[in-house]
Amino acid sequence: ADIGLVRRERSGRLVNYYPDFSRASAEVREIAALIMDRLRKKNGDLSFVPVFRVMMGSVRARIVRYIAAGGNGCVEALSDRFRMRPGDLRHHLKFAEQGGILSCDSDDSDGVYSYIAPADPIARRIIELS
């Protein structure tokens, strides 16, 4: 589906594609502007890209949004809140951690893990809008 991110121009047998955000929603334009700014300033830094893949799981997206909004990132508290077994929850949290969405903030001697949301502004905005 065309969501207004690319303009296509045909020249004979060739088709050229150009970024064009004029028909995209305000949220998509905002994220696109952040991404374009990042690419210009940090020489092609694509560290935020895994955010899109991680946020595709609805349970995972709810957990990440909750933590990003300041919710308790402790595995036990999250397990109670989302009614999930700690092992299943850790799977989602590890996937989000590997994708750069969450960071493990603490791991005390009792094996208590706590997660925090990223500081990356693009990742945070994608999380807010997902």
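Residues numbered from 1 in each chain as written. Predicted model: local features only at pLDDT ≥ 70, side-chain atom pairs only at ≥ 80, totals over all residues. Heavy atoms only, no water.

Colleague: Break down the packing of aromatic side chains for me, citing the residues and quoting the values.
Modeller: Tallying each qualifying case throughout the model produces one aromatic pair. With 5.7 Å between their ring centres and 80° between their planes, Y66 and F82 make a pair best called edge-to-face. Placement of Y66 in helix α3 (residues 58–68) and of F82 in the loop between α4 (75–81) and α5 (86–98) is noted, with a sequence separation of 16 residues between them. Y66 sits in the partly exposed class, given a relative accessible area of 23%. One residue, R81, lies across the ring of F82, its end atom 5.7 Å from the ring centre. (Phe/Tyr/Trp six-rings, centres within 6.5 Å; stacked < 30°, edge-to-face > 60°. Helix = DSSP H or I, 4+ residues; strand = E, 2+ residues; numbered from the N terminus. Buried < 20%, exposed > 50% of the residue type's maximum accessible area, 1.4 Å probe, protein only. Lys NZ or Arg CZ within 6 Å of the ring centre and 35° of its normal.)

Colleague: Report on α3, specifying residues and quantitative values.
Modeller: Structurally, the α-helix is built with 3.6 residues per turn, so residues lying three or four positions apart point the same way. Of the residues making up α3, those classed as buried are R60, A61, I63, V64, I67 and A68. Mapping the buried residues of α3 onto a view down its axis gives an arc of 165°, with all of them on the same face. (Arc of directions from axis to C-beta.)

Colleague: Any chance you could break down the pattern of salt bridges for me, citing the residues and the numbers?
Modeller: In the structure shown here, the tally under the stated rule is three salt bridges. One salt bridge connects E9 with R7, and the closest N-O pair in it is separated by 3.0 Å. For E9, a relative accessible area of 35% puts it in the partly exposed group. When the shortest N-O distance is used, the salt bridge between R85 and D88 registers 3.2 Å. Residue R85 is classed as exposed on the basis of its relative accessible area, which comes to 58%. (Salt bridge = Lys/Arg side-chain N within 4 Å of Asp/Glu carboxyl O.)

Colleague: Requested: an account of the side chain of S79, with residues and values cited.
Modeller: Looking at the element boundaries, S79 is found in helix α4. Every residue in contact with S79, bar those within four places of it in the chain, is listed here: M84, R85, P86 and L89. (Contact = heavy atoms within 4.5 Å.)

Colleague: Describe the packing of α3 against α5, and please don't skip the residues or the numbers.
Modeller: The interhelical angle for the contact between α3 and α5, taken along N-to-C directions, is 75°, at an axis separation of 10 Å. Our classification of the angle between α3 and α5 gives roughly perpendicular. Counted together, V59, R60, I63, V64 and I67 of α3 and L89, H91, H92, L93, F95 and A96 of α5 form the full contact between these two elements. (Axes fitted to C-alpha atoms, helices over the stretch in contact; angles between N-to-C directions. Parallel < 35°, antiparallel > 145°, perpendicular 65-115°, else oblique.)

Colleague: Pulling in residues and values, what's your account of the packing of helix α1 (residues 26–41) against helix α6 (residues 121–129)?
Modeller: Viewed as axis vectors pointing N to C, α1 and α6 meet at an angle of 165°, and their least axial separation amounts to 10 Å. The pairing of α1 with α6 is recorded here as roughly antiparallel in orientation. The element α1 and its partner α6 pack so that their crossing is left-handed. Contacts between α1 and α6 involve E27, E30, I31, L34, I35 and R38 on the former and, on the latter, P121, I122, R125, I126 and L129. Here the contact of α1 with α6 is built from residues that sort into seven nonpolar, no polar and four charged. (Left-handed = near helix turned anticlockwise from the far one by under 90°. Nonpolar A, V, L, I, M, F, W, Y, C, P; charged D, E, K, R; others polar.)

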